[in-house]
Amino acid sequence: MKTTKDVVVIGGGLAGLAAAAYLGRAGRSVALVEKAHAPGGRASTQESHGFSLNLGAHALYRGGAALEVLRELGVRYTGATPPTSGGLALDRGALHTLPSGALSLLTTGLLPLAAKIEMGRVFGGLAAANPAPLASVPVSTWLRDAFRAPEVRRLVGTLVRLSTYCADDDRQSAGAALAQVQHALGHGVLYLDGGWKTLVEGLRDAAVAAGVEILTGVRATQIAAEGGAVSAVELANGDRLGAGAVLVAASPRAAAALAPASTALAAHAERAVPIRAACLDVALSRLPRPRPLFVLGVDRPLYLSVHSGAARLAPGGGAVIHTAQYSPELAGRDAERELEDLLDRVQPGYRDALVERRFLPSLVVSNAVVPAEGGGYAARPGVRVPDLDGLFLAGDWVGPTGMLADASFASARDAAGAILSRRALDRAA
Ligand SMILES: Cc1cc2nc3c(=O)[nH]c(=O)nc-3n(C[C@H](O)[C@H](O)[C@H](O)COP(=O)(O)OP(=O)(O)OC[C@H]3O[C@@H](n4cnc5c(N)ncnc54)[C@H](O)[C@@H]3O)c2cc1C
């Protein structure tokens, strides 16, 4: 392998793979290094006994940057939108119809009449609300000031958790949260056949076809610089890859550790507060009950969804259920117990049909809450690291666009564009 590349990408998740594919297509020589034995990062899917288990519940938001990038790179996938009706809300120990439209709002026992009337207006008004003035307002303040009935506040808070994965209402920007709720309600989501590994494989194939060299099981240890510009990436196996530019598509802490000379990266690593979830994922030989397929906790930060109800993830008759407790560090109750209780309640007898069970107590869903302090998306770093020439970033904590995988894909595309527009690199090419 040529040991000097136009670009070295560190991290082989969705962001690194997508950026590498764009750069390779534009004719740049690219190496991507991934410390795990296979690319994928948090979009990996575990295959077991014919079941496909994503790393916790994953839903691909329609109508956002992720779908645009996948289309541009020719990545193919299939899947289906889970139904929005027929879900249940768990509130103070009781299961109620989850309001999703006029009829379910009318019939649910979740809300008293006055709250139903207000919620009807909220459903009608949320789509048109302007998120911009709320950028610096915490979700908790917005919920208190914008909604009258406590039941409505709690239900809107539940929608925020569902769409953003974040239960830290005192920290999260209401503007960013509202925009994400609008995105989710407006376009819906897809559960993917075969899981998110189909995206990883499609992106890997696109990158390889574009000439990208993917090195797995290789950890980057340091980004070397000369004269204020990046020059090489040092690897844990002792190798060194010369680089005209380096793109870090990993966490803020990983980026800061790779380039300790950058005070900008150190500051972002210091400020970033990850969004975490505790996930109990189960594969079942049969689904004890055909309904409900979807349950949301209202007074508790809980989620349950039968992903195999919409996507092909299980062999004939089997089922894959993802459950989650949002922000377990704030939830104040043992996550594994609470999620088991939820499964027992909704799918009694599920233990007799267990084929696979995986509890992950603290997954990083997103590397950084979009904070009210600092103005929402304005607080995120851009794709270009200001104090080290030739160093770029991508990931779900980078750039002004969207949350979760949408942010990873949008920043990957922007970072590739910024690298391609560097004059020095253009001259060298
Ligand atoms: C439980 C859960 C649920 C989620 N649900 C959704 C959802 O419903 N919708 C949605 O859009 N998104 C969801 N996400 C988020 C989505 O999975 C991520 O946004 C996306 O996968 C992040 O991709 P990435 O490439 O930015 O980062 P990562 O996937 O974290 O990739 C970073 C990669 O860098 C590698 N790396 C780190 N340091 C080094 C180093 N020094 N050298 C070499 N390699 C290194 C890591 O091994 C990793 O593979 C969810 C995530 C979780 C965990």
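Residues numbered from 1 in each chain as written. Predicted model: local features only at pLDDT ≥ 70, side-chain atom pairs only at ≥ 80, totals over all residues. Heavy atoms only, no water.

## Some thoughts on helix α8 (residues 197-209)
Right, so step 1: Given a rise of 1.5 Å per residue, 13 residues ought to cover 18 Å, and the 18 Å separating the end C-alpha atoms of α8 matches this to within 8%.
Right, so step 2: For α8, every residue scored as buried is listed here: Leu199, Val200, Gly202, Leu203, Ala206 and Ala207. Viewed end-on, α8 has its buried residues packed into an arc of 165°, placing them on one side of the element.
Right, so step 3: Buried residues belonging to α8 abut α1 (14-25), β5 (60-61), α2 (65-72), β9 (189-192), β10 (213-216) and α13 (404-420). (Helix = DSSP H or I, 4+ residues; strand = E, 2+ residues; numbered from the N terminus. Expected span 1.5 Å × (residues − 1). Buried < 20%, exposed > 50% of the residue type's maximum accessible area, 1.4 Å probe, protein only. Arc of directions from axis to C-beta. Contact = heavy atoms within 4.5 Å.)

## A short note on the site of the ligand
Right, so step 1: Near the ligand lie 34 residues; those nearest to it are Glu34, Arg42, His58, Ala59 and Ser408.
Right, so step 2: Contacts to the ligand include Ala59, whose backbone N or O atom sits 2.8 Å from a nitrogen atom.
Right, so step 3: The side chain of Ser408 places a nitrogen or oxygen atom 2.8 Å from an oxygen atom of the ligand.
Right, so step 4: Taking 1,000 Å² as the accessible area of the ligand by itself, protein coverage stands at 93%.
Right, so step 5: Elements that contribute at least two residues to the shell around the ligand include exactly α1, β2 (30-34), β18 (354-366) and α13.
Right, so step 6: When we break the shell around the ligand down by domain, the ones giving at least three residues each are domain 1 (4-43 + 198-272 + 373-428) and domain 2 (47-82 + 275-366). (Near = heavy atom within 4 Å. Polar contact = N/O pair within 3.5 Å; in protein donor to acceptor, adjacent residues only side chain to side chain. Areas by Shrake-Rupley, 256 points an atom, 1.4 Å probe, with all protein chains shown as cover. Domains from an automatic or database assignment.)

## A closer look at the packing of aromatic side chains
Right, so step 1: Counting across every chain of the model gives three aromatic pairs.
Right, so step 2: Plain terms: the ring middles of Trp142 and Phe147 are 5.3 Å apart, the flat faces sit at 75° to each other, and that makes the pair edge-to-face.
Right, so step 3: With centroids separated by 5.5 Å and ring planes inclined at 70°, the aromatic side chains of Tyr165 and Tyr326 adopt a geometry described as edge-to-face. Of this pair, Tyr165 sits in the loop between α6 (150-164) and α7 (174-187) while Tyr326 sits in strand β17 (residues 319-326), placing them 161 residues apart in sequence.
Right, so step 4: Residue classification places Tyr165 among the buried residues on the basis of a relative accessible area of 12%. (Phe/Tyr/Trp six-rings, centres within 6.5 Å; stacked < 30°, edge-to-face > 60°.)

## Considering the nonpolar core
Right, so step 1: One finds Ile10 and Leu391 to be the most contacted residues of the largest nonpolar core, which totals 71 residues.
Right, so step 2: Sorting elements by how many residues they give to this core places α1 first, with nine residues.
Right, so step 3: For Leu391, the residues in contact, after removing those within four places along its chain, are Ile223, Val230, Val246, Val248, Ala259, Leu265, Val383, Arg384 and Val385.
Right, so step 4: Within the second largest apolar cluster, 53 residues are counted, among which are Leu53, Tyr61, Leu105 and Trp142. (Core = buried A, V, L, I, M, F, W, Y, C linked by side-chain atoms within 4.5 Å.)

## A short note on the sheet that holds β5
One key point about sheets: their strands pair by backbone hydrogen bonds, in either a parallel or an antiparallel sense.
Right, so step 1: In space, the three strands of this open sheet follow the order β5-β9-β6, with antiparallel pairing throughout. With partners counted over all chains shown, the strands left at the sheet margins are β5 and β6 (79-80), one partner each. (Pairing = 2+ DSSP bridges.)

## Quick notes on the pattern of salt bridges
Right, so step 1: On inspection of all chains with the given rule, the structure shows 19 salt bridges.
Right, so step 2: One salt bridge in this structure joins Arg413 and Glu68, with 2.8 Å as the shortest N-O distance. Of the two residues, Arg413 is situated in helix α13 and Glu68 in helix α2; the sequence distance between them amounts to 345 residues.
Right, so step 3: You can call Arg413 partly exposed: its relative accessible area is 24%.
Right, so step 4: A salt bridge links Arg300 to Glu338, with the shortest nitrogen-to-oxygen separation between them at 2.7 Å. Residue Arg300 is located in the loop between β15 (294-297) and β16 (302-306), and its partner Glu338 is located in helix α12 (residues 335-346); the two are separated by 38 residues in the primary sequence. One exposure class covers both Arg300 and Glu338, and it is buried.
Right, so step 5: Through salt bridges with shared partners, a single ionic network connects Glu68, Glu72 and Arg413. (Salt bridge = Lys/Arg side-chain N within 4 Å of Asp/Glu carboxyl O.)

## Looking at the pairing of β17
Right, so step 1: By the criterion of burial, β17 is predominantly enclosed, with eight of the eight residues buried.
Right, so step 2: By the alternation rule, side chains of β17 split into Ala319, Ile321, Thr323 and Gln325 and Val320, His322, Ala324 and Tyr326, which are all buried.
Right, so step 3: For strand β14 (residues 275-284) and β17, the ladder comprises eight bridges, and the chain directions are antiparallel. When the bridges of β17 are listed, Leu284 appears paired with Ala319.
Right, so step 4: Of the strand pairs in this sheet, β16 and β17 are connected by five bridges, and their pairing is antiparallel. Within β17, the position partnered with Ser305 by the bridge is His322.

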